[in-house]
Amino acid sequence: MPLTRRAFLATPAAALAQQQQPPPARPNVLWIMADQFRFDCLGANGNKLIRTPALDALAARSANFQNAFVQAPVCVPSRASYFTGRYPHSHKNRVNYTPLDSREALAQQMFHEAGYLIGSAGKLHYYPPTVQHARSLGWDRVQLDDGVTATDQYSDYFTWRSLVDPEPMLPYQTAAPIPGKNPYRAAIAYAYTPTAWTGMEARRMLGEFANSGRPFFQFVSFFKPHSPYTVPQPYDVMYDNVEIPLPKRVTLDDIHKLPLPVQKQILRGKPQYDLDRGRLEWIYRSYYASVSMVDREIGALLSDLDRLGKASNTIVIFSTDHGDQLLEHGLEGKNVFFEASVHVPFLLSFPGRIAPGNRDELIEMVDVLPTLLDSCGLPARKNIQGRSLAKPHQRDFVFAENIIPEVITSGSLNLPYEPGKGVGGILHPDAKMIRTRRWKLNYYPGNGGELYDLQNDPGEERNLYTDPASQSTVRELKDHLLDFLITADETDQIAPHWLVGNP
Ligand SMILES: [Ca+2]
């Protein structure tokens, strides 16, 4: 009597045949990150002046999120949120140059457990900032360069350059301007810059991984376009004749209308709010040129991915840890909740699985890790707070948070924080942002707040926080914020034995 299909599947022979079938190939992950990259500095996001052909080509085959927000406008907390899928107040890595709690699980460890080959080239920004520490956090291959002189002694880039650059003693951030030309013209040659090195190491690693026969998770992390603005030839002249619109000038009076923590941030160290407009023009040209440099390296990397036959089964994402004010509201850099700092570009490409095109929904960067796990068929831990973008996804608001003493005590200021008394007139260190499609509320306990109507005031110039007509909106957003803070880290707050299937 012939075996029915059901009876055959129950036989030992069928079990063996199933075992011998190779499992379906898991997709690879190529995660590209740039540091301090503005949303509006992508051709694909509507900038007609900037040259980003590689990222524009990637955007054309990606879901290009128009309303993506970071969890913190500062490097380490934002990056820790990307890699844990958790909010800063939950993972608690709230300020730069502090270690992450070793109980937190990171993306690369989750992919390592699933059998992936794991690699990183470029900036990680861990503490301590060593290769040994990075390896202990799950990376099989690490080529490290955190991009600031304080960490150069641990940098693989620095070691490499000392061997290959005919002028290795020339600091990599030094300018060598020609009178009348770009004052940020770099002394170093392009081939020896951290940007070129990161691209080169990333391509080398990708080649190795592509030939390994294993799925891979590769992180490629550029320091640029983060300041200093120095750019090597030929990028120093790339935007010489381009008139880039500059932000509105602000006065000390404008700054003094903001909540005290924001004033302190804008006026810390050597305030730049009244920077010479000619100098500012060169800052914009050099920032744009840095973006174009990063774009060049991304183009070479993606072309390798294609050449190696891996493009069709690789998820590619492009992300950044925060934006750059570039003197909007009188501030260089970030550490504030203005759109230029928290609203970021985010591209997600997964051929055949994620439909290309602009996506309008509000998303948070804690959503990135659950999206990658979901797309690769891997389970997500219960305490991950983001939501997969590969599934129907709707948020009524996004959330960000920021530790204020971090931003006012860095650089030339070094004020201690005293519990109960605060620092520099700021009573409590923490600040929270909640942003709907129309409204943004920033709250500084003990120091007031900001409310902006983004629909009628996209430049965030009219603070309505104390405006009598806006009080119901302030109350409603504060209610959302309170509900969010109570429920966001539910799995950390509720007894473990109540959590079904908690690892
Ligand atoms: Ca950063």
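Attention here is on the structure that accompanies the text. (Residues numbered from 1 in each chain as written. Predicted model: local features only at pLDDT ≥ 70, side-chain atom pairs only at ≥ 80, totals over all residues.)

The next thing to look at is the overall build of the protein. From N to C terminus, the protein includes 17 helices and 13 strands. Overall size of the protein, expressed as C-alpha extent along the three principal axes, is 95 × 60 × 40 Å. Buried positions account for 45% of the 503 residues belonging to the protein. Contacts in the protein between residues at least 24 apart in sequence constitute 67% of all its contacts with a sequence separation of at least 6. (Helix = DSSP H or I, 4+ residues; strand = E, 2+ residues; numbered from the N terminus. Buried ≥ 20, exposed ≤ 12 C-beta atoms within 10 Å, placed from the backbone. Contact = placed C-beta atoms within 7 Å.)

Our next topic: the sheet that holds strand β12 (residues 439-443). One key point about sheets: their strands pair by backbone hydrogen bonds, in either a parallel or an antiparallel sense. The strand order across the open sheet built from 4 strands is β10-β11-β12-β13, with neighbouring strands paired in antiparallel fashion. Across the chains shown, the open sheet's two edge strands, defined by having one partner strand only, are β10 (398-403) and β13 (449-453). When strand polarity is set aside, the average angle formed by the axes of neighbouring strands in this sheet is 10 degrees. Relative to strand β11 (residues 430-435), β10 runs antiparallel, the two sharing 6 bridges. Residue pairing across strands places N402 opposite A431, the latter belonging to β11. Here helix α16 (residues 471-487) sits on the sheet and contacts β10, β11, β12 and β13; the angle it forms with β12, its principal contact strand, is near 65 degrees. (Pairing = 2+ DSSP bridges. Axes fitted to C-alpha atoms, helices over the stretch in contact; angles between N-to-C directions.)

Okay, the nonpolar core next. Grouped together as the largest cluster of nonpolar side chains are 121 residues, with contacts concentrated most on I32 and I317. When residues of this core are assigned to their parent elements, the largest contribution, 12 residues, is made by helix α12 (residues 277-307). If sequence neighbours within four positions are ignored, I317 has contacts with W31, I32, L347, L348 and V368. (Core = buried A, V, L, I, M, F, W, Y, C linked by C-beta atoms within 7 Å.)

This part covers the packing of helix α9 (residues 194-210) against α12. Packing of α9 against α12 brings their axes to within 9 Å, and their N-to-C directions diverge by 10 degrees. What the angle tells us is that α9 and α12 run roughly parallel. Two secondary-structure elements touch here, α9 through T195, A196, T198, G199, A202, R203, L206 and G207 and α12 through M293, V294, E297, A300, L301, D304 and L305. Considered class by class, the residues forming the contact of α9 with α12 number 8 nonpolar, 4 polar and 3 charged. (Parallel < 35°, antiparallel > 145°, perpendicular 65-115°, else oblique. Nonpolar A, V, L, I, M, F, W, Y, C, P; charged D, E, K, R; others polar.)

Here G199 is to be found in helix α9. Since 24 C-beta atoms lie within 10 Å of it, G199 is described here as buried. Sequence-wise, G199 and H322 are 123 residues apart; in three dimensions their C-alpha atoms are separated by 21 Å. Not counting the four nearest positions on each side in its chain, G199 is found in contact with E297, A300 and L301.

Viewed as axis vectors pointing N to C, helix α3 (residues 53-60) and α12 meet at an angle of 50 degrees, and their least axial separation amounts to 7 Å. Here α3 lies oblique to α12, going by the angle between them. The segment α3 lies against α12, with P53, A54, L55 and L58 engaging D295, I298, G299 and L302. Here the contact of α3 with α12 is composed, by residue class, of 6 nonpolar, 1 polar and 1 charged.

Further remarks concern the environment of Y172. As for its placement among the helices and strands, Y172 is situated in the loop between α8 (156-164) and α9. The sequence separation of Y172 and R437 amounts to 265 residues, and the corresponding C-alpha distance is 42 Å. Beyond its immediate chain neighbours, meaning those up to four positions away, Y172 contacts I188, T193 and P194.

Turning our attention to the pairing of strand β7 (residues 343-349). The buried count for β7 comes to 7 of 7 residues, which makes it a mostly enclosed element. Neither face of β7 is exposed, since H343, P345, L347 and S349 on one face and V344, F346 and L348 on the opposite face are all buried. Examined bridge by bridge, strand β6 (residues 314-320) and β7 share 3 bridges and lie antiparallel to one another. Within β7, the position partnered with I317 by the bridge is L348.

Turning next to the environment of S341. Mapping S341 onto the fold places it in helix α13 (residues 339-342). On the neighbour-count criterion, S341 (27 C-beta atoms within 10 Å) is buried. Each C-alpha atom, one on S341 and one on F39, is 9.0 Å from the other, the two residues being 302 residues apart in sequence. Residues contacting S341, with those up to four places away along its chain left out, are P73, H322, G323, Q325, K334 and V336.

Of all the positions in helix α11 (residues 260-267), only P261, V262, K264, Q265 and I266 are classed as buried. At the exit of α11 stands G269, carrying a positive phi of roughly 55 degrees.

What follows is about unusual backbone geometry. Going from Y127 to P128, the amide bond is cis rather than trans, its omega being -5 degrees. Note that P128 resides in the loop between β3 (117-122) and α7 (131-136). Looking along the chain, the bond that leaves S227 and enters P228 is cis, with omega of 5 degrees. Mapped onto the elements of the fold, P228 is located in the loop between β5 (216-225) and α10 (252-256). One non-glycine residue, N335, lies in positive phi territory at about 75 degrees. Within the element layout of this structure, N335 appears in the loop between β6 and α13.

Shape descriptors only; they carry no functional weight alone.
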